[in-house]
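Residues per chain are reported as follows:
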Amino acid sequence: MSTDTGTGTRTDTGARTTSGAAVKDQPADGDERLRRWRLVLGGDAADGTGCALSGRDAAMDGALTALYGKGDKPRSGRERSAGLGASAPSVARWLGDIRTYFPSSVVQVMQRDAIDRLGLSTLLLEPEMLEAVEADVHLVGTLLSLNKAMPETTKETARAVVRKVVEDLEKKLATRTRATLTGALDRSARVSRPRHHDIDWNRTIAANLKNYLPEYRTVVPERLVGYGRASQSVKKEVILCIDQSGSMAASVVYASVFGAVLASMRSINTRLVVFDTAVVDLTDQLDDPVDVLFGTQLGGGTDINRALAYCQSQITRPAETVVVLISDLYEGGIRNEMLKRVAAMKTSGVQFVTLLALSDEGAPAYDREHAAALAALGAPAFACTPDLFPEVMAAAIEKRPLPVPDVV
């Protein structure tokens, strides 16, 4: 645990305070170090700082204490709330306070911690609470997990929260994804009589190396290889197969957004399938990723084999199909059958991609034995950030090696 309240206070979970503006009643420069330590240590009698807080510092300290208490370990029952309490009014005031004292990115972290440490999920079923929180991908995941328990009076507000996050993600991700994949689609459609500006010189030279003339130090091309020109016909089939177990919440959100983006491209026929122990095809809802998300049911078991069996049954053009399995690979079904299906798809010409996560969370927990087995089949499993996903899809479409991150 460390802190830096002059340029940003850090709590035990990584939260930082706002910076820049003068703080009322802030200690003099010589006491700044004590002030920061006081905010870190939480004000126990034994903290040794002898520093008292007032004004904005005291209010900031109160907001942190309400969530994190005065110890490093979460407390049980009401004790762990350390002053936040379990009532809706006190939570609403606290949400207002943290939005006053901390920047948006930190508010999201603190909200997430409040849900995890204080069991505030049930309060998110109240419309006034949803209107007060800072919306992000993790909050969307929590709302989706509460979907079935959510009263009708709350669902409209919840959909508005989810839609705001989804629209922000689409603005961030859609343009680059379409541009990257459009280029990949055009390059993957090779033609033998290209126009001059459509010639793929690297492939043309490689295809004509036998015609190298040493005396002229040049290659005489007998066969030209070119990029295909853009067309409105369907060039590729993409099947997104998404594990909707509770640990995959952020991946489900991002995959739904990407599914909607891919579905908007005429040259890609996109299918979106979600699964736990059952399989649900949400392709007909891809025009609205919010409908997709509310069609999922986070939690439950996992039967990857059953999901892949369904995906396999939907493949009509294996050589032009990309199957993207997004799962932590904790299989509750028949392991050997799962691996046989992957091997059969790859043998038929399907490009098979396994993503352990599609999020910014870093390295996830996953079944390493299954990941190793898939890698042995030529389908390496790796975590993928949203920024990398367009490049992964472009490589799969062009049938070139995937840009697997160094750290898996």
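Attention in this report is confined to the structure presented alongside it. (Residues numbered from 1 in each chain as written. Predicted model: local features only at pLDDT ≥ 70, side-chain atom pairs only at ≥ 80, totals over all residues. Heavy atoms only, no water.)

The secondary structure content of the protein amounts to 14 helices and 8 strands. Out of the 408 residues belonging to the protein, those deemed buried represent 47%. For the protein, the proportion of contacts with a sequence separation of at least 24, taken over those separated by at least 6, is 73%. For the protein, the exposed surface amounts to about 19400 Å²; the carbon and sulfur share of it is 49%. (Helix = DSSP H or I, 4+ residues; strand = E, 2+ residues; numbered from the N terminus. Buried < 20%, exposed > 50% of the residue type's maximum accessible area, 1.4 Å probe, protein only. Contact = heavy atoms within 4.5 Å. Areas by Shrake-Rupley, 256 points an atom, 1.4 Å probe, with all protein chains shown as cover.)

A word on the sheet that holds strand 7 (residues 351-358). Pairing is mixed across the open sheet formed by 6 strands, whose spatial order is 5-4-3-6-7-8. Here the strands that pair on one side only, and so sit at the sheet edges, are strand 5 (279-281) and strand 8 (381-384). Going from strand to strand, the sheet's axes swing by 25 degrees on average, the running direction of each strand aside. Relative to strand 8, strand 7 runs parallel, the two sharing 4 bridges. Residue pairing across strands places leucine 355 opposite phenylalanine 382, the latter belonging to strand 8. Against the sheet, helix 11 (residues 304-313) contacts strand 3 (236-243), strand 4 (268-275), strand 5, strand 6 (321-326) and strand 7, and its axis sits at roughly 155 degrees relative to strand 4. (Pairing = 2+ DSSP bridges. Axes fitted to C-alpha atoms, helices over the stretch in contact; angles between N-to-C directions.)

Axis separation between helix 2 (residues 55-68) and helix 4 (residues 104-118) bottoms out at 9 Å; the angle between their running directions is 35 degrees. Across from Ala63, Leu64, Ala66, Leu67 and Tyr68 in helix 2, the residues of helix 4 making contact are Met110, Asp113, Ala114, Arg117 and Leu118. Residues that form the contact of helix 2 with helix 4 fall into these classes: 8 nonpolar, no polar and 2 charged. (Nonpolar A, V, L, I, M, F, W, Y, C, P; charged D, E, K, R; others polar.)

Our next topic: the pattern of salt bridges. Scanning all chains against the criterion turns up 12 salt bridges. Note that aspartate 168 is salt-bridged to lysine 164, the shortest N-O span being 3.4 Å. With aspartate 168 and lysine 164 both in helix 7 (residues 152-188) and 4 residues apart, the pair spans about one turn of that helix. By relative accessible area, aspartate 168 is classed as partly exposed at 40%. Here lysine 164 falls in the partly exposed class, since its relative accessible area comes to 48%. (Salt bridge = Lys/Arg side-chain N within 4 Å of Asp/Glu carboxyl O.)

Time to look at the pairing of strand 7. Counting buried positions along strand 7 yields 7 of 8 residues, so the element is predominantly enclosed. Summarising the sheet, strand 6 and strand 7 pair through 5 bridges and their orientation is parallel. When the sheet's bridge partners are listed, valine 324 is paired in strand 7 with valine 353.

Our focus in this paragraph is the packing of aromatic side chains. Across all of its chains, the model carries 1 aromatic pair by this definition. With a centroid separation of 4.5 Å and an interplanar angle of 40 degrees, the aromatic rings of phenylalanine 258 and phenylalanine 389 are classed as tilted. With phenylalanine 258 in helix 9 (residues 249-263) and phenylalanine 389 in helix 14 (residues 389-398), this residue pair connects regions lying 131 residues apart in the sequence. There is no split in this pair, since phenylalanine 258 and phenylalanine 389 are both buried. (Phe/Tyr/Trp six-rings, centres within 6.5 Å; stacked < 30°, edge-to-face > 60°.)

Moving on, we come to unusual backbone geometry. Located in the positive-phi region is arginine 217, a residue other than glycine, with phi close to 50 degrees. Examined against the element boundaries, arginine 217 turns out to sit in the loop between strand 1 (212-213) and strand 2 (218-219). Here the phi dihedral of leucine 329 falls at roughly 70 degrees; this positive angle occurs in a residue that is not glycine. Looking at where leucine 329 falls in the secondary structure, it is placed in the loop between strand 6 and helix 12 (335-348).

Within strand 3, 8 of the 8 residues are buried, leaving the element largely enclosed by the surrounding structure. Side chains Lys236, Val238, Leu240 and Ile242 of strand 3 all project onto a buried face; the interleaved residues Glu237, Ile239, Cys241 and Asp243 project onto the opposite face, where all are buried too. Viewed along the sheet, the connection from strand 3 through helix 9 into strand 4 turns out right-handed. The sheet contact formed by strand 3 and strand 6 spans 6 bridges and is parallel. Counterpart to leucine 240 in the pairing with strand 6 is valine 324. (Right-handed = clockwise from strand over helix to strand, strands pointing away.)

This part is about the nonpolar core. The biggest cluster of nonpolar side chains holds 78 residues, and the ones touching the most others in it are Trp94, Phe102, Met110, Leu143, Val324 and Phe389. Counting residues per element, this core draws most heavily on helix 7, which supplies 10 residues. Of all hydrophobic cores here, the second largest spans 25 residues; its members include Cys241, Leu339, Met345 and Leu374. (Core = buried A, V, L, I, M, F, W, Y, C linked by side-chain atoms within 4.5 Å.)

The subject of this paragraph is helix 13 (residues 368-376). Among the residues of helix 13, those classed as buried are His370, Ala371, Ala373 and Leu374. Angularly, the buried residues of helix 13 cover 160 degrees about the axis, an arc narrow enough to put them on a single face. Pointing more than 90 degrees away from the buried face of helix 13 are the exposed residues Arg368, Glu369 and Ala376. Buried residues along helix 13 sit in contact with helix 12, strand 7 and strand 8. Phi for glycine 378, located one or two positions after helix 13, is positive at around 85 degrees. (Arc of directions from axis to C-beta.)

Attention shifts here to the packing of helix 6 (residues 137-145) against helix 9. Taken N-terminus to C-terminus, the directions of helix 6 and helix 9 make an angle of 105 degrees; their axes are 8 Å apart at the nearest point. The orientation of helix 6 with respect to helix 9, classified from their angle, is roughly perpendicular. Contacts from Val137, Val140, Gly141 and Leu144 of helix 6 reach helix 9 at Ala249, Ala250, Val253 and Tyr254. For the contact of helix 6 with helix 9, a count of residues per class yields 7 nonpolar, 1 polar and no charged. (Parallel < 35°, antiparallel > 145°, perpendicular 65-115°, else oblique.)

Looking at the element boundaries, valine 137 is found in helix 6. Along the primary structure valine 137 and valine 165 are separated by 28 residues, whereas in three dimensions their C-alpha atoms are 6.8 Å apart. Apart from the residues lying within four places of it in its own chain, the contact partners of valine 137 are Val165, Leu169, Ala250, Val253 and Tyr254.

So far we have only geometry, and geometry alone does not tell us how the molecule works.
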